[in-house]
Amino acid sequence: MLISRKIKAHEHERFIAFNQHNSGVEVTTAYLKNAQARIFVRSNAPDQWIAAYVVNTQPPYRCLSVLDDSERDEVLSAKNLSANSFVEITLLNRDRSIRWNFVERYQYYVMGIWDALKSGYPYLLGGTSNPRLLRDQMAVFDQILYEGELNFFGQQKKVWLIYVSRNRAIRNLAKHLWEQLWQTTRPTAPV
């Protein structure tokens, strides 16, 4: 099992460097000051960060910032949503040189959703430019807010912004965890 904790203000620069090294995405200290960043370590190496993410409830939202203002307003209006109804889970990254097991992986993802749910906001927001990650993320974030090619923090990429209501997030997460548990524990047929 991993140990997690929120970072402190004096660790913002370390978080920025960790995130840049592992995901290549830039983040500022100004953004981190208004958000909740969480890191994960192992008890036998408490100073070695394994993974991290940020939960944010205050504008500017990183996920929505990839759209220009008019496009953002149009996308939100089409879904009858407002920007202030979201909590975003963003800047998910991990040190890929450190292997982690099934339990640690799911602990990380569940903790991110739990932190977002604790915020009390009606919708959880996420996004990716990685089609493989999209498939995994949509097990819980099952609604597409936006899909298209755009400038994604300096690079032209296909991007998906995804969201889910609080209640659906809980239901989808429980269903997904049950399916994963079933797949890993069910007996295989003899050959």
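Undergrad: Help me out: how do you make sense of the overall build of the chain in this one?
TA: If you tally the helices and strands in the chain, you get seven helices and seven strands. Shown N-terminal to C-terminal, the secondary structure of the chain runs as helices and strands in the order β-α-α-β-β-α-α-β-α-β-α-β-β-α. Relative to its length of 191 residues, the chain is compact, with a C-alpha radius of gyration of 17 Å against a globular reference of 16 Å. Looking at the chain as a whole, 41% of its 191 residues qualify as buried. Entry remark: accessible area of the chain is about 10,900 Å², with carbon and sulfur atoms responsible for 52%. Each charge class in the chain was averaged separately, 24 positive and 18 negative side chains, and the resulting centres sit 8 Å apart.

Undergrad: Help me understand the environment of S82, please; the structure alone is not making it clear to me.
TA: Mapped onto the fold, S82 is located in the loop between α4 (69–78) and β4 (86–94). The exposure class of S82 is partly exposed, given its relative accessible area of 35%. C-alpha of S82 to C-alpha of R72: the two residues are 10 residues apart in sequence and 9.8 Å apart in space. Within the structure, the side chain of S82 is placed 2.5 Å from the side chain of N84, a separation counted as a polar contact.

Undergrad: Teacher, can you tell me more about the side chain of T90 here?
TA: Checked against the element boundaries, T90 lands in strand β4. When near neighbours in sequence (up to four residues on either side) are disregarded, T90 contacts Y31, Y53, V54, R62 and C63.

Undergrad: Which parts of the structure should I look at to understand the layout of surface pockets?
TA: With a probe scaled to a water molecule rolled over the atoms, the places where space remains empty come into view. A volume near 1,300 Å³ is recorded for the largest pocket. Considering the residues around the largest pocket, the lining is formed by 47 residues, among which L92, G127, T128, L133 and Q137 are closest to the centre. Breaking the lining of the largest pocket down by element, the ones donating at least two residues are α1 (12–23), α3 (62–65), β4, α5 (102–118), β5 (123–128), α6 (131–137), β7 (155–165) and α7 (166–185).

Criteria and thresholds
- Residues numbered from 1 in each chain as written.
- Predicted model: local features only at pLDDT ≥ 70, side-chain atom pairs only at ≥ 80, totals over all residues.
- Heavy atoms only, no water.
- Helix = DSSP H or I, 4+ residues; strand = E, 2+ residues; numbered from the N terminus.
- Rg over C-alpha atoms; globule rule 2.2 N^0.38 Å.
- Buried < 20%, exposed > 50% of the residue type's maximum accessible area, 1.4 Å probe, protein only.
- Areas by Shrake-Rupley, 256 points an atom, 1.4 Å probe, with all protein chains shown as cover.
- Lys, Arg positive; Asp, Glu negative; His and termini not counted.
- Charge placed at Lys NZ, Arg CZ, Asp CG, Glu CD.
- Polar contact = N/O pair within 3.5 Å; in protein donor to acceptor, adjacent residues only side chain to side chain.
- Contact = heavy atoms within 4.5 Å.
- 1 Å grid on protein atoms, 1.4 Å probe; cavity = no way out; pocket = protein on both sides within 12 Å on 5 of 7 lines; lining within 4 Å.
- Points joined across faces, edges and corners; volume = space filled by probe spheres on them.

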